[in-house]
Amino acid sequence: MTDVVRLDAVSKVYGKGQGAVAALREVSAGIPRGSFTAVMGPSGSGKSTFLHCAAGLDTPSSGSVRLGGTELSGMNETALTELRRSRVGFVFQAFNLISSLDVLENITLPLRLAGRKPDQAWLTEIVRRVGLEGRTGHLPAQLSGGQQQRVAIARALVVRPEVVFGDEPTGALDTMTARDVLVLLREVVSGLGQTVVMVTHDPVAASYADTVLFLADGRIADAMAAPTADKVAERMTRLGAWKR
Ligand SMILES: Nc1ncnc2c1ncn2[C@@H]1O[C@H](COP(=O)(O)OP(=O)(O)OP(=O)(O)O)[C@@H](O)[C@H]1O
């Protein structure tokens, strides 16, 4: 499989001098197209920074990030904004829906921002996949948390992005609803052939992925294929993630 995202020797330092924090230290990693990757690690290990650098939301201090063959370093903010709008999807812990727009308007918002017309067949497919066919005219406030996250997932998919990035996408959901959303994300990869990269603290969530990348102190400490919740939890314990 080809890598849709490629990080080479990516370092990120926040601040300067005495107060400088190295959030990522020479991280190299590839995300294969059509795969589901979970990113785990102790608090402060650099997971969000990894995601933000990979997605063009943050600029590395050094190193190279390529998305679908495009080198991100050196791109100006306008070009990065355009890239994020047209080639990347995001799902956050807080669903970030616009309360005055109905479900369909929320889902198609990235297209309107990019000045693109919806591909009706794709739109119908994703609305069906996320199970919102009967609710396209509802406002976010009329939906449950799980349904709101399904709208956010459909919105992330509407541009047919090269990769969907999730930052704790199930963090605000109860256990059962979180499972449903994880099954959906799995289906987005296995059924629609999309690529998903998800930061999570939850070993059960990580077990839905094909591969788990473990970060520790700004470095990739390990990678695990075919993860199970138990194996992931055990690896996290060895990384000192849940020390009291
Ligand atoms: N904007 C910032 N300014 C200064 N330091 C930052 C900034 N963002 C992150 N850091 C620091 O960089 C390191 C990595 O942070 P990051 O948020 O990537 O970790 P994380 O693994 O996502 O943590 P958590 O699981 O707690 O969300 C931490 O030490 C953090 O304090």
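The shown structure was predicted, so the numbers you read here are calculated from the model rather than taken from an experiment. (Residues numbered from 1 in each chain as written. Predicted model: local features only at pLDDT ≥ 70, side-chain atom pairs only at ≥ 80, totals over all residues. Heavy atoms only, no water.)

### Digging into the site of the ligand
So, point 1. Every residue lining the ligand is accounted for by Tyr-14, Val-21, Ala-23, Pro-42, Ser-43, Gly-44, Ser-45, Gly-46, Lys-47, Ser-48, Thr-49 and His-201.
So, point 2. Between Ser-43 and the ligand, the recorded distance is 2.6 Å, taken from a side-chain N or O atom to an oxygen atom.
So, point 3. Between the ligand and Gly-44 there is a distance of 2.9 Å, counted from an oxygen atom to a backbone nitrogen or oxygen.
So, point 4. Calculation on the ligand without its partners gives an accessible area of 640 Å², and the protein chains cover 58% of this total.
So, point 5. The set of elements that each furnish at least two residues to the shell around the ligand consists of strand E2 (21-32) and helix H1 (47-54).
So, point 6. Among the elements that line the shell around the ligand, the one with the most residues is H1, at three residues.
So, point 7. Class assignment of the residues belonging to the shell around the ligand gives a composition of four nonpolar, seven polar and one charged. (Near = heavy atom within 4 Å. Polar contact = N/O pair within 3.5 Å; in protein donor to acceptor, adjacent residues only side chain to side chain. Areas by Shrake-Rupley, 256 points an atom, 1.4 Å probe, with all protein chains shown as cover. Helix = DSSP H or I, 4+ residues; strand = E, 2+ residues; numbered from the N terminus. Nonpolar A, V, L, I, M, F, W, Y, C, P; charged D, E, K, R; others polar.)

### Regarding the packing of aromatic side chains
So, point 1. Within the structure shown, the criterion is met by two aromatic pairs.
So, point 2. Consider the rings of Phe-90 and Phe-92, whose centres lie 5.8 Å apart with planes at 5 degrees: the pair is stacked.
So, point 3. Relative to Phe-165, the ring of Phe-90 has its centre 6.2 Å away and its plane inclined at 25 degrees; by these criteria the two rings are stacked. Taken together, the residues Phe-90 in strand E6 (residues 88-92) and Phe-165 in strand E7 (residues 163-167) connect sequence positions 75 residues apart. A single burial state applies to Phe-90 and to Phe-165, both of which are buried. (Phe/Tyr/Trp six-rings, centres within 6.5 Å; stacked < 30°, edge-to-face > 60°. Buried < 20%, exposed > 50% of the residue type's maximum accessible area, 1.4 Å probe, protein only.)

### Digging into the pairing of strand E8 (residues 196-199)
So, point 1. Both faces of E8 are covered, namely the face carrying Val-196 and Met-198 and the face carrying Val-197 and Val-199.
So, point 2. Here four bridges tie E7 to E8, and the two strands are oriented parallel to one another. Counterpart to Asp-167 in the pairing with E8 is Val-199.
So, point 3. Read from E7 through helix H6 (residues 175-190) to E8, the crossover connection turns out right-handed. (Pairing = 2+ DSSP bridges. Right-handed = clockwise from strand over helix to strand, strands pointing away.)

### Remarks on the nonpolar core
So, point 1. Of all hydrophobic cores here, the largest spans 46 residues; its most connected members are Ile-107 and Ile-153.
So, point 2. When residues of this core are assigned to their parent elements, the largest contribution, seven residues, is made by H6.
So, point 3. Ignoring anything within four residues of it in the chain, the contact list for Ile-107 reads Leu-123, Ile-126, Val-127, Val-151, Ala-154, Arg-155 and Val-158.
So, point 4. Of all hydrophobic cores here, the second largest spans 27 residues; its members include Leu-7, Val-39, Cys-53 and Phe-165. (Core = buried A, V, L, I, M, F, W, Y, C linked by side-chain atoms within 4.5 Å. Contact = heavy atoms within 4.5 Å.)

### Here's the deal with the packing of helix H3 (residues 103-114) against helix H5 (residues 145-157)
What describes two packed helices is the angle between their axes and the distance between those same axes.
So, point 1. For the pair H3 and H5, interaxial distance at closest approach is 7 Å and the crossing angle is 35 degrees. As H3 runs across H5, the sense of the crossing is right-handed. Of the residues in H5, those touching H3 at Val-103, Asn-106, Ile-107 and Pro-110 are Val-151, Ala-154 and Arg-155.
So, point 2. Class assignment of the residues belonging to the contact of H3 with H5 gives a composition of five nonpolar, one polar and one charged. (Axes fitted to C-alpha atoms, helices over the stretch in contact; angles between N-to-C directions. Left-handed = near helix turned anticlockwise from the far one by under 90°.)

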